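# Architecture at a glance
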Amino acid sequence: MGPLTRLRKVVVLGSTGSIGVSTLSLFEASKAPVEILALTAGRNVQRLIEQAIQWRPLVAVIDDESCLEALRAGLEGTGVRAAAGAAAVVEAAAMGADWVMSAIVGAAGLAPTLSAARTGAVIALANKESLVCAGPALLRIAREAGGSVIPVDSEHSAIFQVLQPACISRVSRLILTASGGPFRTWTREQMALATPEQAVAHPNWSMGAKISVDSASMMNKGLEMIEASYLFDTPEERIDVVIHPQSVIHSLVEYADGSTLAQLGPPDMRAPIACAFSWPDRLPWPAPRLDLAAYGQLTFEAPDLERFPSIAIAREAMRLGGGAPAAMNAANEMAVAAFLDRQIGFLDIAASVAGTLDRMNSLGTLEDASTDPLESAMMTDASARRIAAEVVAQKRQRN
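The rules behind these values
Residues numbered from 1 in each chain as written. Predicted model: local features only at pLDDT ≥ 70, side-chain atom pairs only at ≥ 80, totals over all residues. Heavy atoms only, no water. Pairing = 2+ DSSP bridges. Helix = DSSP H or I, 4+ residues; strand = E, 2+ residues; numbered from the N terminus. Axes fitted to C-alpha atoms, helices over the stretch in contact; angles between N-to-C directions. Buried < 20%, exposed > 50% of the residue type's maximum accessible area, 1.4 Å probe, protein only. Expected span 1.5 Å × (residues − 1). Core = buried A, V, L, I, M, F, W, Y, C linked by side-chain atoms within 4.5 Å. Contact = heavy atoms within 4.5 Å. Salt bridge = Lys/Arg side-chain N within 4 Å of Asp/Glu carboxyl O. Right-handed = clockwise from strand over helix to strand, strands pointing away.

## A short note on the sheet that holds strand E6 (residues 122–125)
An order of E4-E3-E2-E1-E5-E6-E7 is seen for the 7 strands of this open sheet, with the pairing classed as parallel. The open sheet is flanked by strand E4 (81–84) and strand E7 (148–151), the only strands paired with a single partner. Going across the sheet, the axis of each strand differs from the next one's by a mean of 20°, ignoring polarity.

## As for the side chain of asparagine 329
Structurally, the position occupied by asparagine 329 is in helix H15 (residues 324–340). A relative accessible area of 0% means that asparagine 329 is categorised as buried.

## A look at H15
The end-to-end C-alpha distance of H15, which contains 17 residues, comes to 24 Å, matching closely the 24 Å that a straight helix rising 1.5 Å per residue would cover. Within H15, 14 of the 17 residues are buried, which leaves it mostly tucked inside the rest of the structure. Of the residues one or two after H15, arginine 342 is the one with positive phi, at around 65°.

## Concerning the nonpolar core
Residues Phe27, Leu71, Trp99, Met101, Met328 and Phe346 are the most contacted members of the largest nonpolar core, which totals 129 residues. Of the residues forming this core, the biggest block, 10 residues, is contributed by H15. Beyond its immediate chain neighbours, meaning those up to four positions away, tryptophan 99 contacts Arg8, Lys9, Val10, Val11, Thr23, Phe27, Ala121, Val122, Ala124, Ile273, Ala276 and Phe277.

## Brief notes about the pattern of salt bridges
Tallying each qualifying case throughout the model produces 22 salt bridges. Ionic pairing is found between aspartate 153 and lysine 128, a salt bridge with its closest N-O pair at 2.9 Å. Of this pair, aspartate 153 sits in the loop between E7 and helix H7 (154–162) while lysine 128 sits in helix H6 (residues 128–144), and the two are 25 residues apart along the sequence. For the pair aspartate 153 and lysine 128, a shared accessibility class is recorded, and that class is buried. Arginine 319 is the partner of glutamate 236 in a salt bridge, and the nearest nitrogen-oxygen pair spans 3.5 Å. In this pair, glutamate 236 is assigned in the loop between helix H11 (219–231) and strand E9 (239–243) and arginine 319 in helix H14 (residues 310–320), connecting sequence segments 83 residues apart.

## A short note on the pairing of strand E3 (residues 59–62)
Alternating positions in E3 separate into two faces, Val59 and Val61 on one and Ala60 and Ile62 on the other, with burial throughout. Of the pairings in the sheet, the one linking strand E2 (residues 34–41) to E3 comprises 4 bridges and is parallel in character. Bridging across to E3, alanine 41 finds its partner in isoleucine 62. The parallel pair E2 and E3, bridged by helix H2 (residues 45–55), forms a crossover whose chirality is right-handed. Both E3 and E4 contribute to a ladder of 4 bridges, which runs parallel. Across the sheet, the residue bridging to isoleucine 62 is alanine 84, located in E4. Between E3 and its parallel partner E4, the chain crosses via helix H3 (residues 68–75), and the hand of that crossover is right-handed.

## What about the sheet that holds strand E10 (residues 249–255)?
Strand order in the open sheet made by the 4 strands is E9-E8-E10-E11, with mixed pairing throughout. Each edge of the open sheet is held by one strand with a lone partner, namely E9 and strand E11 (260–264). Recorded for the sheet is a direction-independent mean angle of 20° between the axes of neighbouring strands. As paired strands, E10 and E11 are joined by 5 bridges and run antiparallel to one another. Note on E11: the bridge partner recorded for glutamate 254 is threonine 260. Helix-sheet contacts for H11 involve strand E8 (171–178) and E9, and the interaxial angle to E8 is about 150°.

And the structure:
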């Protein structure tokens, strides 16, 4: 029985977010033979109830424990067990699925992703923070357990699809594409006055607020550079970014002979999810098709590092190594939350991240604090959040 006809046991971590919703939409559109073991969500209890009623998992888990009674009430009589809390999310990840979608946003996704990796499952990785905070350990744990990690971010999925294993030693560059976000043509003066509503209005992709702000600041590209370095064992100096507003070419691989291979497709996250679900096969589903004639032309430009310093900040974190990527991620989460809460300005996000890294580097607190990858990442995360809170507070006082 082939992989596309065999019933596969599935866990979806972060089922109510944009990637989780797209995953379930893909299963429905493709009629893929899946048995959902668990669905987990942060605090969107109503959507989780609706999903659980439709898909009938063994368990539905809400991270916010204050929502447990509402979840139980909504699932009464369905046979779906309700659970709550971070530990319950980790337990759901370890239920023995064949395939786990890791789509929890932020560092909160690290513990359940590591838990799933230890079971030997195929991890469809949309939680970029897991790689940023503990990439080498995550990949090693998955490999030793007999599983694998397949990227779901459109950029890394593109590289994954065109990176030829026989020629991997002949790769000269990985080139990540970026839409440029909603502020691609804005001046720094305009960006300084940007509102959260403007920052989350992405021109091409439908994403949650935090990821949309990362796209607007291009911090998402910084995080993706770190991911690419770990996933494809490529040093920082051989990873580049190019602005491509149409989001048709999702990334490129340049080889030593001058050949550059690209993966193209409409901006629809169900395509990389389908790739991760069916690889090395291809999942038939009514996918939107690419009509290049309709686009007319595809354009490219170099990123402006003065207006978007996040790429340079990420390169510095990669050069520093140790806990620097995890610290960068934690500081960014704090700064983005403060921006969405209207406590700081848009340009303060990158400045707060850079300030946090500078302080931690000067204090010598960027070394891995433990041999346990989760413990080390969490210790660095906590330390970075404390310092970032101080940096953000200073920015807030100046505004």
